[in-house]
Amino acid sequence: KQNMKHLSLTILAILSICLCGCTQQAKIIAQNDADFLAARDHFRQQQIDHSDWHNAEIAGKYGIPRVKLLDELAEHPERAKTLQPMIDSLTHCLDSLLPISMAKMQEILDSALLLEKKYESISTEGFKGAFMKRHIYSNEKLDSLYEAAPRILKRSIAGQSIKAFLHGPKVWPGDRIITFDCFDVNGEPFDWKTIEGKKTIIVADGLYCWTHGMDDTAPVRYFDSLKKEFGDDFVLMVFCNNCDIAGLKEQSEHFGLENYIVIGDGREFSSPLEIMYDCQYTPSFVLINQDGTLDRMVHGEEVDYIETFLSK
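Source: prediction; values computed, not measured.

Asker: For this particular structure, what's the right way to read the overall build of the chain?
Answerer: Counting its regular elements, the chain contains 11 helices and 6 strands. In terms of its C-alpha atoms, the chain occupies a principal-axis envelope of roughly 105 × 50 × 35 Å. Across the 312 residues of the chain, 40% fall into the buried class. In the chain, of all internal contacts separated by at least 6 residues, the share reaching a separation of at least 24 is 69%. A total accessible area of about 17400 Å² is found for the chain, and carbon and sulfur atoms account for 55% of it. Both charge centroids of the chain, one from 33 positive and one from 47 negative side chains, sit 9 Å from each other.

Written out as structure tokens, the structure reads:
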């Protein structure tokens, strides 16, 4: 009995030490999170202020008017003598100001990246940054960061996402797609049978990055041109990362997507498209064949490959 009593006391002491250690570690990470978020908010405000200036002084004064004049010239080529000098003037202003604006934004982004690197293995929010940089880091480096992280970070939502990305199922070209739970702008579960037997294009987020605030009508005008050329033999849908129903409705209205399928999964962080399909940039396009296999996943705003895919 005496031995059992000593053993019980020893176990209790060990558990108490472990609990105190975990509590102390949680406090440290919580403070690191607070410090990181405060510094990140500072950089984000700088980005917002600069974007507001960019949109008002560059996009609003030169970019958007130039797009309108180009559209007008396309419709009325006989007015070239009047319109072209105006377009050339706006182009000159854009060519002069855009590099300056982009350089300033890059300076802010570089400072933010240095901040994330400092906190990526010592705070929950910084660990999220490590996941977001998975296209910069090799899998080996990401795995090394994960293995070296404290247990509390491994159990966080970012840790779970990193583990799933490194070791979970992936969909490669030729594989059958893996579906996942998501909903539409009305909050109704999306039925993946909608795409059966049809070529499908999933635009994986990134419409804001696509337009850069210059012309938010560009994506839907491109989508409309695809429908005009290829008819209804394909499905196009926009997946909005980390959006709730209100967010889906806002994006649908903002970009004029009422005639297209807009879906989201409501997750707090990461998405199945990022984890299983390796959609690392915005926008990304997931191209699905009629038989439900993945044709390929591609990045970027140059979209000639979409017409090639639909023409097969």
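Asker: I would appreciate a short explanation of the packing of helix α4 (residues 139-148) against helix α6 (residues 157-167) in the present structure.
Answerer: Packing of α4 against α6 leaves a shortest axis separation of 10 Å and a crossing angle of 140°. Comparing their axes, α6 and α4 come out oblique. The element α4 and its partner α6 pack so that their crossing is left-handed. The segment α4 lies against α6, with N139, L142, D143 and Y146 engaging G159, I162, K163, F165, L166 and H167. Classifying every residue of the contact of α4 with α6 gives 5 nonpolar, 3 polar and 2 charged.

Asker: Can you help me understand the nonpolar core in this one?
Answerer: As a rule of thumb, nonpolar side chains are buried together in soluble globular proteins. Of all hydrophobic cores here, the largest spans 37 residues; its most connected members are W192, L273, Y277 and V286. Counting only elements with at least two residues in this core, the list comes to α3 (124-132), α4, α6, β2 (199-204), β3 (234-239), α10 (272-276), β5 (284-288) and β6 (294-299). Examining the composition of this core, we find that 4 residues originate from one element, α6, more than from any other. Setting aside chain neighbours within four positions, we find Y277 in contact with V171, I177, I178, P272, V286, L294 and M297. Counting 27 residues, the second largest nonpolar core, distinct from the first, contains Y222, Y305, F309 and L310.

Asker: Would you explain unusual backbone geometry in this entry?
Answerer: Note: most peptide bonds trans; most residues except glycine with negative phi. Phi angles above zero are rare outside glycine, and N242 is one such case at about 55°. Residue position: N242 is located in the loop between β3 and α9 (245-255).

Asker: Honestly, α9 in this entry has me stumped. Any pointers?
Answerer: Structural remark: α-helix, 3.6 residues per turn; residues separated by three or four positions point the same way. Along α9, the positions that sit buried rather than exposed are G247, L248, Q251, S252 and F255. Looking straight down α9, one finds its buried side chains confined to an arc of 135°; they lie on one side. Exposed residues pointing more than 90 degrees away from the buried face of α9 are listed as A246 and E253. Packing partners of the buried residues in α9 comprise β1 (183-184), α7 (207-211), α8 (218-230) and β4 (261-264).

Asker: Hey, could you run me through the pairing of β6 in this one?
Answerer: Of the pairings in the sheet, the one linking β5 to β6 comprises 5 bridges and is antiparallel in character. For L287, the partnering residue across the bridge sits in β6 and is R296.

Asker: Looking at this model, I keep getting lost on the state of the cysteines. Mind explaining?
Answerer: Simply put, disulfide is the name for a covalent bond between the sulfur atoms of two cysteines. The final tally for this structure, using the stated rule, is 0 disulfides. In this structure C182 is not part of a disulfide, and its nearest cysteine sulfur, from C240, lies 11 Å away. The thiol sulfur of C279 is not disulfide-bonded, and the nearest other cysteine sulfur, from C240, lies at 13 Å. Overall, the relative accessible area of 6% leaves C279 in the buried class.

Calculation criteria
Residues numbered from 1 in each chain as written. Predicted model: local features only at pLDDT ≥ 70, side-chain atom pairs only at ≥ 80, totals over all residues. Heavy atoms only, no water. Helix = DSSP H or I, 4+ residues; strand = E, 2+ residues; numbered from the N terminus. Buried < 20%, exposed > 50% of the residue type's maximum accessible area, 1.4 Å probe, protein only. Contact = heavy atoms within 4.5 Å. Areas by Shrake-Rupley, 256 points an atom, 1.4 Å probe, with all protein chains shown as cover. Lys, Arg positive; Asp, Glu negative; His and termini not counted. Charge placed at Lys NZ, Arg CZ, Asp CG, Glu CD. Axes fitted to C-alpha atoms, helices over the stretch in contact; angles between N-to-C directions. Parallel < 35°, antiparallel > 145°, perpendicular 65-115°, else oblique. Left-handed = near helix turned anticlockwise from the far one by under 90°. Nonpolar A, V, L, I, M, F, W, Y, C, P; charged D, E, K, R; others polar. Core = buried A, V, L, I, M, F, W, Y, C linked by side-chain atoms within 4.5 Å. Arc of directions from axis to C-beta. Pairing = 2+ DSSP bridges. Disulfide = S-S within 2.5 Å.

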